[in-house]
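# Survey of secondary and tertiary structure
Spelled out from the first residue to the last, the chains are:
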Amino acid sequence: MTSPQAGVEVIQPFQQFQNRRAEPRFDCKAKGALLLVPGGAEVACEIVNQSASGAQVLVKDMPHKAGDLWLLDVSGQMVKFGSPVWTQPHKMGLRFSFAQKVDPNGARPPRVPEPVWKAWRRLAGLDIPPPEEDVFFLD
């Protein structure tokens, strides 16, 4: 919509609420997981978009009281600690208070708990247990 006066911008009411984030989010469509604290339940999710301070995720089955959680972003090599800001059926908005880049070949970062580190490595396919021997020896 244009204004009858030059230099005047007309803002529609819906536009002022369209993007209320402190920083832009970028679409990523990445697979990830939510690790619920302190229970340790793991919920598979799809990371729709994210920024340094938040993300939107799609989940199939989410417990009603999620509380604090870790977002495990395998493709981005990140683990992020935060809490839900809003929830809808199968969709959730998260705000992060801590984010850590992880090195698949390095050691566990000091501020990342051991269960979070192990879950991230397992999801990344780095800690695959050796196959069970199913060899039969016949005499």
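As a reminder, the structure under discussion sits directly above these lines.
Our subject in this report is the structure included herewith. (Residues numbered from 1 in each chain as written. Predicted model: local features only at pLDDT ≥ 70, side-chain atom pairs only at ≥ 80, totals over all residues. Heavy atoms only, no water.)

### Considering the pairing of strand S5 (residues 78–88)
Test applied: In this analysis, strands are considered paired if DSSP registers two or more bridges between them. In DSSP terms, a helix is any run of H or I states spanning at least four residues, a strand is any run of E spanning at least two, and both are numbered starting from the N terminus.
Note: strand S4 (residues 69–73) against S5, five bridges, orientation antiparallel. Bridging across to S5, Leu69 finds its partner in Gly82. Here S4 hands over to S5 after four residues, with Gln77 in that stretch at a positive phi of 50°. As paired strands, S5 and strand S6 (residues 91–101) are joined by ten bridges and run antiparallel to one another. Within S6, the position partnered with Ser83 by the bridge is Arg95. As consecutive antiparallel partners, S5 and S6 are separated by two residues, and within that stretch His90 has a phi angle of approximately 70°, a positive value.

### Side note on the packing of aromatic side chains
Note the threshold: Between rings of Phe, Tyr and Trp, where Trp is taken as its six-membered ring, a pair exists when centres lie within 6.5 Å; planes separated by under 30 degrees are stacked, by over 60 edge-to-face, and by other angles tilted. Three labels apply to residues, based on accessible area from a 1.4 Å probe with only protein chains included: buried if under 20% of the type maximum, exposed if over 50%, partly exposed otherwise in between.
Applying the stated criterion across every chain, the model contains three aromatic pairs. Residues Trp70 and Phe81 carry aromatic rings whose centres are separated by 5.3 Å and whose planes lie at 55° to one another, so their mutual orientation is tilted. Of the two residues, Trp70 sits in strand S4 while Phe81 sits in strand S5, which places them eleven residues apart along the sequence. Judged by centre distance (6.2 Å) and plane angle (15°), the ring pair of Trp117 and Trp120 falls under stacked. Taken together, the residues span about one helical turn, with Trp117 and Trp120 both in helix H1 (residues 114–123) at a distance of three residues. Considered together, Trp117 and Trp120 belong to a single accessibility category, that of buried residues. Grouping aromatic residues by their ring pairs yields a cluster made of Trp70, Phe81 and Phe98.

### Quick look at the pairing of strand S2 (residues 42–50)
In this sheet, S2 lies alongside strand S1 (residues 26–36) in antiparallel orientation, the contact comprising eight bridges. Bridged to Leu34 within S2 is Val43. As consecutive antiparallel partners, S1 and S2 are separated by five residues, and within that stretch Gly40 has a phi angle of approximately 85°, a positive value. For S2 and strand S3 (residues 54–59), the ladder comprises five bridges, and the chain directions are antiparallel. The residue bridging Ile47 from the neighbouring strand is Val57, located in S3. The hairpin turn running from S2 into S3, its antiparallel successor, is three residues long.

### Digging into the pattern of salt bridges
Inclusion rule: By definition here, a salt bridge exists when the distance from a side-chain nitrogen of Lys or Arg to a carboxyl oxygen of Asp or Glu is within 4 Å.
The full count for this structure, using the stated rule, is two salt bridges. Linking Glu42 and Arg122 is a salt bridge whose minimum nitrogen-to-oxygen distance equals 2.5 Å. Taken together, the positions of Glu42 in strand S2 and Arg122 in helix H1 put the pair 80 residues apart, joining distant regions of the chain. The partly exposed category is assigned to Glu42, whose relative accessible area is 33%. Here Arg108 and Glu114 are joined by a salt bridge, their closest N and O atoms 3.0 Å apart.

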